[in-house]
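A closer look at the structure
The chain contents come next:
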Protein chains: 2
Amino acid sequence: MTDDRQDDPRDAAGARADEERRREEARRREEEARRREEETRRAEEAEDEVDVKAVRAAIAAEDHETVRAVALDLHEADLADLIEQLPSAERRRLVETLGPDLAPEALAELGEGVRDEVLEFIDPAVLAAAVKELDSDDIVYLVEDLDAEEQARALEGLDAEDRAIVVQSLTYPEYSAGRLMQREVVTAPTFWTVGQMIDHLRAADELPDPFYDVIVVDPAMRPVGRAALGRILATRRPATLEGIMDDEFRTMRVDDSQEDVAYAFNKYHLVSAPVVDDSGRLVGVITIDDAMEAMSDEHEEDILRLGGVGGDEEITDTVWETLRQRFPWLLVNLATAVLASLVIDQFEEVIAQVVALAVLMPIVASMGGNAGTQSLTVAVRGLATRTLTDANARRVVLREAVAGALNGVLFAAVMATVALVWFGDGRLSAVIAAAMVINLVAAALAGVLIPIALEKVGADPALASGTFVTTVTDVVGFFAFLGLASLVLL
Amino acid sequence: MTDDRQDDPRDAAGARADEERRREEARRREEEARRREEETRRAEEAEDEVDVKAVRAAIAAEDHETVRAVALDLHEADLADLIEQLPSAERRRLVETLGPDLAPEALAELGEGVRDEVLEFIDPAVLAAAVKELDSDDIVYLVEDLDAEEQARALEGLDAEDRAIVVQSLTYPEYSAGRLMQREVVTAPTFWTVGQMIDHLRAADELPDPFYDVIVVDPAMRPVGRAALGRILATRRPATLEGIMDDEFRTMRVDDSQEDVAYAFNKYHLVSAPVVDDSGRLVGVITIDDAMEAMSDEHEEDILRLGGVGGDEEITDTVWETLRQRFPWLLVNLATAVLASLVIDQFEEVIAQVVALAVLMPIVASMGGNAGTQSLTVAVRGLATRTLTDANARRVVLREAVAGALNGVLFAAVMATVALVWFGDGRLSAVIAAAMVINLVAAALAGVLIPIALEKVGADPALASGTFVTTVTDVVGFFAFLGLASLVLL
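These numbers come from a predicted model, not from an experiment.

The rules behind these values
- Residues numbered from 1 in each chain as written.
- Chains lettered and ligands numbered in written order.
- Predicted model: local features only at pLDDT ≥ 70, side-chain atom pairs only at ≥ 80, totals over all residues.
- Heavy atoms only, no water.
- Least-squares fit on C-alpha atoms with pLDDT ≥ 70 in both.
- Contact = heavy atoms within 4.5 Å.
- UniProt positions renumbered as here; feature names shortened; annotations may be inferred.
- Helix = DSSP H or I, 4+ residues; strand = E, 2+ residues; numbered from the N terminus.
- Pairing = 2+ DSSP bridges.
- Axes fitted to C-alpha atoms, helices over the stretch in contact; angles between N-to-C directions.
- Parallel < 35°, antiparallel > 145°, perpendicular 65-115°, else oblique.
- Left-handed = near helix turned anticlockwise from the far one by under 90°.
- Nonpolar A, V, L, I, M, F, W, Y, C, P; charged D, E, K, R; others polar.
- Patch = residues over 30% accessible without salt bridge, like charges linked within 9 Å, V, L, I, M, F, W, Y side chains within 5 Å.
- Areas by Shrake-Rupley, 256 points an atom, 1.4 Å probe, with all protein chains shown as cover.
- Salt bridge = Lys/Arg side-chain N within 4 Å of Asp/Glu carboxyl O.
- Lys, Arg positive; Asp, Glu negative; His and termini not counted.
- Charge placed at Lys NZ, Arg CZ, Asp CG, Glu CD.
- Phe/Tyr/Trp six-rings, centres within 6.5 Å; stacked < 30°, edge-to-face > 60°.
- Buried < 20%, exposed > 50% of the residue type's maximum accessible area, 1.4 Å probe, protein only.
- Buried area = accessible area lost by both parts, 1.4 Å probe.
- Polar contact = N/O pair within 3.5 Å; in protein donor to acceptor, adjacent residues only side chain to side chain.
- 1 Å grid on protein atoms, 1.4 Å probe; cavity = no way out; pocket = protein on both sides within 12 Å on 5 of 7 lines; lining within 4 Å.
- Points joined across faces, edges and corners; volume = space filled by probe spheres on them.

A word on the relation of the copies chain A and chain B. By a simple turn and slide, chain A fits onto chain B: the slide is 0.0 Å along the axis, the RMSD is 0.1 Å, and the turn is 180°. Such a combination of turn and shift is consistent with a two-fold rotation axis. Looking at chain A, 99% of its interface residues are interface residues in chain B too, so the copies touch through the same face.

What follows is the structure, given as structure tokens:
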């Protein structure tokens, strides 16, 4: 048969129509697939988004069935979110409605504030049962703030060995590697073969979760290497662990701070790190997911401290907790604000004669405060990420000073123009321009030097917060502006 | 022989001395072990701490031997830190001295600013050689900001398939799951047995690193489960992957933001997550170490934005880059500061008569600014961690307002006393007390409502920064204080 479609217009049209139909069909199928995909995605997202309002309505209506159906269907992390987002009274009713069916992991996911609140009213039997199902690090988090008697009661259900592990962990300082680590570790001697390792794992009752590598230890239980699971899987049975282990691993000590741990994980791309005691013996392992959570906590604390808030304020806090966290910093700020006012007080005379000074002086202070906060933020981050070090501190300070001076000159020009247009006084313009340059240089220097100094004396540089820097910029700003004014204008 | 030591005082003394000696010996050994341990630890720490000054001295002396010896002995992450901490000119000399021996991973560890600087002077042949040794995600990071021609040249050495992968990855938006993922994935069909899987892995040329689990896929390459390596290792050969896989896994889409990815990893304790394209086909995998780095980047951006600095300023930036990042925010701040001054300008008359007002007014503004920043910080973090949601927004706003009012009353009392002692004017005291309450309530409300509003319109709440909130507190503070003063005092 020859191809004669070109000769027969009707056949050609038919073929075109066929082609068209096939394409149409393919388009339709594709469309359909996309639509299904989109629906699945939406359904998945909806699953993640707990309908808090519906739950609250069900709680109010004492519709226990619905409450349980919704809550028990959630991922533990989402259930924890739901508990956190309810008002106090409803929180309690939800927890009581769920009773022993409340997932133990959800308790371990709660923020500290809500955790402590829930522990106050939860049935001790439910708590003891939950504790039995959790890993040691989660148990420690759950019971760390209970008093001795409650703690003993909560740990009652554990067997002696597990209880001893938890009690031991509680002796390590809060926010240390010892608190962060899990005690469940798979170890093996160097001479084991891959085959022995696999047989050992197959025979094990239970394996740690998460579990990324086997810690290879010497006879004194000192870690000498790590054998990644991927490496074990990809190696034939007769090879020894010594041959495949990575001896470039990093060991943490029980008393290392969680900040240092998180830093090392992020910098060296660690997956897990053995934790040793003072004598170098392996006591636990920190995995990257714990390190990620520690990093998140530390960042949180830095941000809050920079904002002048106690490091552990949470959105779920009550009015009283909020007040307790914020009052002290506001009090410090009041003291420093009064200091700035004392400076202004020295220049009452010139202000009384040139009221325009009172109008313009907040601009000088505000620009200084903002520029100082910029330098401060960059310096605090540089210290936290260890990119600002002794080696480059002098260069960074110099750069800040130069950038401050350049910004000062630019804004001096702008403000001199604004002041001239506004008040028509050339000398006033000159005064505000000079004060602007002085204050922006002071701001840049204070912003970088104060956190460096705090770090040197062993304090958290983030505690510098706005307050100290803005004290400097307020005092310098008012003094420069009003002082120059009394020299030039009086 | 009977035990007659008690009868012989000399023997008893000898036994005690023996006992004493043994204890002494044990103590000494323990001491010795501790000392050795301590020494090792110090040596390890010293290894981590690069002696930047020594390197700079060697560079200055053109002592290439020493420079190479020190630099090539470092972990790649430490080498990257060293490169970052050198001044520009020495940075270049170090990179040129190392030449082709510069570890490719060290290039991938550099911050964006220094990376771009190094890429400008690095020998293109060294770059192309480095690219050949890196994983796809690191290559993408390295070349993403090069122009088309340089990019082509850098990727020249890759084989066609790897190059296609990199080019494809570059089409995904920056800071998306597509950019974050690695393309190297181990997949397997559901019907494979553990034995087949192990044989496959043993036969593989190269496995991804890091590598935590096998993604189980259907025939259309859609992920249907994940089989953790620990689980595979602990299971006997005949079991199928379908039987041991976890089908409760979370899938990311190529266009998900890295912020969402990091959030999901941290919340659900994910170890790895398959990434799919629009049609649901597997295109890569994100592992927790990538998610941890993304989280760190996002936190960094939030902190910098809250501090009124462009989100990607680095400590290694030059003066000009610093200026470019900071000038715009200072300009915005100037505009808002002028606004506040316009308010003061309305009350020139009362200030001219009662100069004490000029002395006290910055205190009202400063307290408002600080209280506002506190609320703002907590609200921005609540939004970022998704603990501040539609479900509890009204409660949080109410709590802020009440806490603001209570703080207002407390500080009103303090300031009224201070003002009374200072200026001896009861009416002035009353005015500042009332203004303090008004401004702290306004601060609390502005601090929480501005970020919520920004989030609603799809902007980053951290962009609220101090500036908008302090505009509100300055304007309200000056207006309340001076306005009440002109009513009461004139």
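That covers the picture; the talk isn't over yet.
With numbering aligned to this structure, UniProt lists the feature "transmembrane region" (unreviewed entry) at residues 401–424, 430–454 and 466–489 of chain A. For residues 430–454 of chain A, the helix share is 100%, the strand share is 0%, and the end-to-end C-alpha distance is 36 Å.

What follows deals with the sheet that holds strand β6 (residues 282–287) of chain A. Residue and element names in this part refer to chain A. Spatially, 3 strands are ordered β4-β5-β6 in an open sheet, and the strand pairing comes out mixed. Across the chains shown, the open sheet's two edge strands, defined by having one partner strand only, are β4 (252–253) and β6. One ladder, built from 2 bridges, connects β4 with strand β5 (residues 272–276); its direction is parallel. The residue of β5 that forms the bridge with M252 is V275.

This brings us to the UniProt feature "domain: CBS" (unreviewed entry) in chain A. Taking the UniProt record as the reference, the feature "domain: CBS" (unreviewed entry) is found at residues 245–301 of chain A. In this annotation, residues 245–301 of chain A is assigned 44% helix and 23% strand; the end-to-end C-alpha distance for the span is 37 Å.

Attention now goes to the packing of helix α21 (residues 393–423) of chain B against helix α22 (residues 426–456) of chain B. Residue and element names in this part refer to chain B. Relative orientation of the contacting elements α21 and α22 amounts to 155°, with a least axis distance of 7 Å. Taken together, α21 and α22 sit at an angle that is classed as roughly antiparallel. For the pair α21 and α22, the sense of crossing is right-handed. Here the residues of the contact of α21 with α22 sort into 25 nonpolar, 5 polar and 1 charged.

A surface patch of negative charge is lined by E120(A), D147(A), E149(A) and E150(A). Note that E150(A) resides in helix α10 (residues 148–155).

Let us now look at the pairing of strand β3 (residues 223–228) of chain B. All names here are of chain B. In the sheet, strand β2 (residues 213–217) pairs with β3 via 5 bridges, with the strands oriented antiparallel. Looking at β3, one finds that D213 is bridged to A228. Count of turn residues in the β2/β3 antiparallel hairpin: 5 residues, of which M221 carries a positive phi of about 65°.

Moving on, we get to the packing of aromatic side chains. Where two aromatic rings form a pair, the distance of their centres and the angle of their planes describe that pair. Under the counting rule described, the total for this entry stands at 9 aromatic pairs over all chains. Ring geometry for F327(A) versus F411(B): centroids 4.8 Å apart, planes at 25°, classification stacked. Within this pair, whereas F327(A) is found in helix α18 (residues 319–345), its partner F411(B) is found in helix α21, the two belonging to separate chains. Taking relative accessible area as the criterion, F327(A) reaches 26% and is therefore assigned partly exposed. With 6.0 Å between their ring centres and 70° between their planes, F347(B) and F479(B) make a pair best called edge-to-face.

Every contact between the two is made by 125 residues of chain A and, on the other side, 124 residues of chain B. Interface area, chain A with chain B, both sides summed: about 11,100 Å², of which 65% is carbon and sulfur. When the buried area of chain A at its contact with chain B is split by residue, R202(A), L233(A) and I315(A) rank highest and sum to 8% of it. On inspection of chain A and its partner chain B, the count reaches 8 salt bridges. K267(A) serves as the salt-bridge partner of D81(B), at 2.6 Å between the closest nitrogen and oxygen. Along the contact surface separating chain A from chain B lie 38 residue pairs in polar contact (both at pLDDT 80 or more). Take the side of chain A that touches chain B: its biggest share by element is 18 residues, from helix α20 (residues 356–384) of chain A.

Turning our attention to empty space enclosed by the protein. All told, the structure shown has 6 cavities of 30 Å³ or more when counted by the stated rule. By volume, the largest cavity is sized at about 840 Å³. Taken together, 47 residues form the lining of the largest cavity, with N370(A), T373(A), T470(A), T373(B) and T470(B) sitting closest to its centre. Looking at the lining of the largest cavity, the elements with two or more residues in it are α17 (288–306), α18, α20 and α23 (465–489) of chain A together with α17 (288–306), α18 (319–345), α20 (356–384) and α23 (465–489) of chain B. Ranked by residue count, the leading element in the lining of the largest cavity is α20(A), at 9 residues. For the lining of the largest cavity, the residue count by class is 16 nonpolar, 29 polar and 2 charged.

Next up on the list: the sheet that holds strand β6 (residues 282–287) of chain B. All names here are of chain B. Spatially, the 3 strands line up as an open sheet ordered β4-β5-β6, and their pairing is mixed. Of all strands in the sheet, those bounded by a partner on one side alone are β4 (252–253) and β6. As defined by bridge partners, strand β5 (residues 272–276) adjoins β6 across 5 bridges and the pair is classed as antiparallel. Directly across from A273, in β6, lies its bridge partner I286.

Summarising burial for β6(B): 6 of the 6 residues are buried, a large majority. Turn length for the β5(B)-β6(B) hairpin, with the two strands adjacent in sequence and antiparallel, is 5 residues, and the turn residue G280(B) shows positive phi of about 80°.

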